[in-house]
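The primary structure of each chain is shown beneath.
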Amino acid sequence: MPDSKLKYDPSSPEGREISALFRDIKRNIEDDGGGWNGADIVDALNAFFARLGIDTEGSVHQVDPVPPQAVSPSDHPDTVAEILAAHRDFTTNGRPSGREGFFYAQTAHDRRTDYTLLAFPCTGAARIRTALAVLRALGYTATELAPAADTSIELRLIAVEAGALHPLAEDARAADRALRLLHDAGFTGFLRGCPGLQAGGESDSCGAGQGKPDRRQGDSASATAASRSTSSR
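Residues numbered from 1 in each chain as written. Predicted model: local features only at pLDDT ≥ 70, side-chain atom pairs only at ≥ 80, totals over all residues. Heavy atoms only, no water.

Draft legend 1. Fine view of the packing of helix 1 (residues 13-29) against helix 2 (residues 38-51). The contact between helix 1 and helix 2 brings their axes to 11 Å, and the two run at 160 degrees. Taken together, helix 1 and helix 2 sit at an angle that is classed as roughly antiparallel. As helix 1 packs across helix 2, the resulting crossing turns out to be right-handed. Here Glu17, Ile18, Leu21, Asp24, Ile25 and Ile29 of helix 1 come into contact with helix 2, specifically with Asp40, Ile41, Ala44, Leu45, Phe48 and Arg51. (Axes fitted to C-alpha atoms, helices over the stretch in contact; angles between N-to-C directions. Helix = DSSP H or I, 4+ residues; strand = E, 2+ residues; numbered from the N terminus. Parallel < 35°, antiparallel > 145°, perpendicular 65-115°, else oblique. Left-handed = near helix turned anticlockwise from the far one by under 90°. Contact = heavy atoms within 4.5 Å.)

Structural data, given as structure tokens:
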């Protein structure tokens, strides 16, 4: 008998399920011409996942090797705005003079995906860190953006996407644990190995605004948000 080319162990419980799926397709779904009916394949896969304990309507994170600490709610602008506005330091109601906590949410997009853009017309760095910390604790991927170069209005922006917060490994390095603490506290990132805010941050020993932000730099979304803020005055 030739050596097996299988990339899984057919004698393991999971391997037996994979083999059973393949046999079911070959014996019961494949037609005389070697074709596989799409609807029948979907039914077979649903049954296969169910036998493995996977909920096909559940989160993608249910199959992660380490369960996440938190899986974010929807990243729809209304949902994100409602969550952040529930915090005492933020509001979406009007724009009172000097009220740093005012913000609004809108849909934005880049070449990769749609996301929610939070715009803060009159907010300092400390409050931005609070917003980032609140959102990240819920599992969101939240990143402060660099401001658009062609806008004169003071406007800080946060990009928000659905995500999950995973625990660090038990044997994580001290440097990784320090990074995680700063991430959870709402700091944007690091500048060439030195701690400091990247996008619109406060200065430190490394200088602010050097290097690249975590995910995006200011783009058309920044300009759009600035335009909306200006027109609302």
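Draft legend 2. Fine view of the sheet that holds strand 3 (residues 114-120). Pairing in this open sheet of four strands is antiparallel, and the strands run 2-3-5-4 from one edge to the other. Taken across any chain shown, the strands that pair with only one partner, and hence form the sheet edges, are strand 2 (104-109) and strand 4 (141-145). Here the strands of the sheet are splayed against their neighbours by 30 degrees on average, with no regard to which way each runs. Inspection of the sheet shows strand 2 paired to strand 3 by six bridges, in the antiparallel sense. Bridging from a neighbouring strand, tyrosine 104 pairs with alanine 119 of strand 3. Contacts from helix 3 (residues 77-85) reach strand 2, strand 3 and strand 5 (156-161), with the element oriented near 40 degrees to strand 3. Of the strands in this sheet, strand 3, strand 4 and strand 5 are in contact with helix 4 (residues 125-137), which crosses strand 4 at around 160 degrees. (Pairing = 2+ DSSP bridges.)

Draft legend 3. Structural context of the nonpolar core. Ranked by size, the top nonpolar core spans 15 residues in total, and within it Leu84, Phe103, Leu118, Phe120, Leu135, Ile158 and Val160 carry the most contacts. Among the secondary structure elements, those contributing two or more residues to this core are helix 3, strand 3, helix 4 and strand 5. Beyond its immediate chain neighbours, meaning those up to four positions away, phenylalanine 103 contacts Ala81, Leu84, Ala85, Phe90, Thr91, Thr92, Leu118, Ala119, Phe120 and Pro121. Counting residues in each nonpolar core, the second largest holds 10 residues, with Ala108, Tyr115, Leu145 and Leu155 among its members. (Core = buried A, V, L, I, M, F, W, Y, C linked by side-chain atoms within 4.5 Å. Buried < 20%, exposed > 50% of the residue type's maximum accessible area, 1.4 Å probe, protein only.)

Draft legend 4. How the structure looks around the pattern of salt bridges. Counted under the stated rule, the structure contains seven salt bridges. Between arginine 127 and aspartate 89 there is a salt bridge whose closest N-O contact spans 4.0 Å. Here arginine 127 is found in helix 4, whereas its partner aspartate 89 is found in the loop between helix 3 and strand 2, with 38 residues between them in sequence. Note on arginine 127: relative accessible area 22%, which makes it partly exposed. Arginine 180 is paired through a salt bridge with aspartate 184; the nearest N and O atoms lie 3.1 Å apart. With arginine 180 and aspartate 184 both in helix 5 (residues 174-184) and four residues apart, the pair spans about one turn of that helix. Residue class for aspartate 184 comes out partly exposed when judged on its relative accessible area of 32%. (Salt bridge = Lys/Arg side-chain N within 4 Å of Asp/Glu carboxyl O.)

Draft legend 5. Molecular detail of the confidence of the model for the chain. The predicted model of the chain averages 81 in pLDDT, with 75% of residues at 70 or higher. Taken element by element, the chain is modelled with least confidence in strand 8 (residues 194-195), mean pLDDT 34, and with most confidence in helix 3, mean pLDDT 97. The low-confidence segment residues 190-218 (pLDDT under 50) makes 70 contacts with residues lying over four places distant or belonging to another chain. (pLDDT = per-residue confidence, 0-100.)

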